[in-house]
Amino acid sequence: MDSRCGTHPGWQVHNKRREKPCEPCRVARNGYQRWRYAGYAEPAQPRAAPESKRAIGARYRAGDGFVELSRLFGRHPQTIKKIVVDQGIALRRHATRGRRTNARCLDSEQRGEMAARYRNGWSVRELARAYRVSYGTAHNALTSMGVRLRRQGSGT
Ligand SMILES: [Zn+2]
């Protein structure tokens with residue numbers, strides 16, 4: 001038994017160690033699976049209160065994605081999306097899964113802006129931070145704009 005037994009992370013520990021999960025972990029895992037894949041249906045949820053809808057809208061505007069919000073508020077991502085849309089909030093083209101991810105696409109305008117900033121002395125790392133993308137994504141965005149990258153550590 002592990003201190004995490006009886007939780008989904010506990011089940012993952014067993015799994016990682018390639019051992020048979022104990023009963024409490026199996027129960028926790030089954031509950032997690034139902035929550036994760038069957039519409040987050042347990043326990044039955046009351047409709048979102050207007051104030052939590054507003055909070056969801058505000059957080060979406062501030063940059064949180066559907067997946068993050070669904071974890072925070074215990075609602076299915078589709079429900080979060082509907083709440084956001086119902087408030088007349090424009091959807092971002094790609095909801096971010098977490099803060100920094102390759103999944104977030106940069107449009108050509110952003111890539112052009114990044115290229116201009118890079119030529120003005122920004123580093124790839126600074127651009128990655130500013131646009132909330134990975135280093136690799138920023139790098140690719142620049143090369144896709146035909147930018148010749150400076151050698152790293154050249155002091156610029
Ligand atoms: Zn266990």
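In the block above lies the structure referred to throughout.
This one's a predicted model, so the numbers in the text were calculated from it and none came from an experiment.

Undergrad: When you look at the overall build of the protein in this model, what are you seeing that I'm missing?
TA: Along the protein, the regular secondary structure elements total 8 helices and 0 strands. Helices and strands in the protein line up, N terminus first, as α-α-α-α-α-α-α-α. In the protein, buried positions account for 17% of the 156 residues. In the protein, the share of contacts with a sequence separation of at least 24, taken over all contacts with a separation of at least 6, comes to 43%.

Undergrad: Teacher, can you tell me more about unusual backbone geometry here?
TA: Working note: non-glycine residues mostly have negative phi, and peptide bonds are mostly trans. We note that R18 has phi near 55°; this positive angle belongs to a residue other than glycine. Counting through the fold element by element, R18 comes out in the loop between α1 (8-16) and α2 (23-37). Taking the number of C-beta atoms within 10 Å as the measure of exposure, R18 has 6 and is therefore exposed. Despite not being glycine, R132 shows a phi value in the positive range, around 55°. Among the structural elements, R132 can be located in the loop between α7 (124-131) and α8 (135-144). Overall, the presence of 15 C-beta atoms within 10 Å leaves R132 in the partly exposed class.

Undergrad: Even after reading the chapter, I still don't get the environment of H139, so can you show me in this structure?
TA: Position of H139 among the secondary structure elements: in helix α8. Sequence separation between H139 and L127 is 12 residues; the distance between their C-alpha atoms is 9.0 Å.

Undergrad: What's the story with α8 in this structure? I'm lost.
TA: Two residues of an α-helix separated by three or four positions point the same way, owing to the 3.6 residues in each turn. Residues of α8 that are buried: T137, A138, A141 and L142. Down the axis of α8, the buried side of the element spans an arc of 135°, and every buried residue falls inside it. Exposed residues on α8 whose side chains face more than 90 degrees from its buried face are G136 and T143. Buried residues along α8 sit against α6 (108-119) and α7. G146 sits one or two residues past α8 and shows a positive phi near 75°.

Undergrad: Please explain the nonpolar core as it appears in this structure.
TA: Counting residues in each nonpolar core, the largest one holds 10 residues, listed as L106, M114, Y118, V124, L127, A128, V133, A138, A141 and L142. Mapped onto this core, the elements with two or more residues apiece are α6, α7 and α8. Discounting chain neighbours no more than four positions away, the residues touching M114 are L127, Y131, A138, A141 and L142. The next biggest cluster of nonpolar side chains, apart from the first, holds 7 residues, and it includes I56, F66, I80 and V84.

Undergrad: Sorry, what's going on with the environment of N30 here?
TA: Mapped onto the elements, N30 comes out in helix α2. Sequence separation between N30 and W11 is 19 residues; the distance between their C-alpha atoms is 9.9 Å.

Conventions adopted
Residues numbered from 1 in each chain as written. Predicted model: local features only at pLDDT ≥ 70, side-chain atom pairs only at ≥ 80, totals over all residues. Helix = DSSP H or I, 4+ residues; strand = E, 2+ residues; numbered from the N terminus. Buried ≥ 20, exposed ≤ 12 C-beta atoms within 10 Å, placed from the backbone. Contact = placed C-beta atoms within 7 Å. Arc of directions from axis to C-beta. Core = buried A, V, L, I, M, F, W, Y, C linked by C-beta atoms within 7 Å.

Don't take any of this as a statement about function, it's just geometry.
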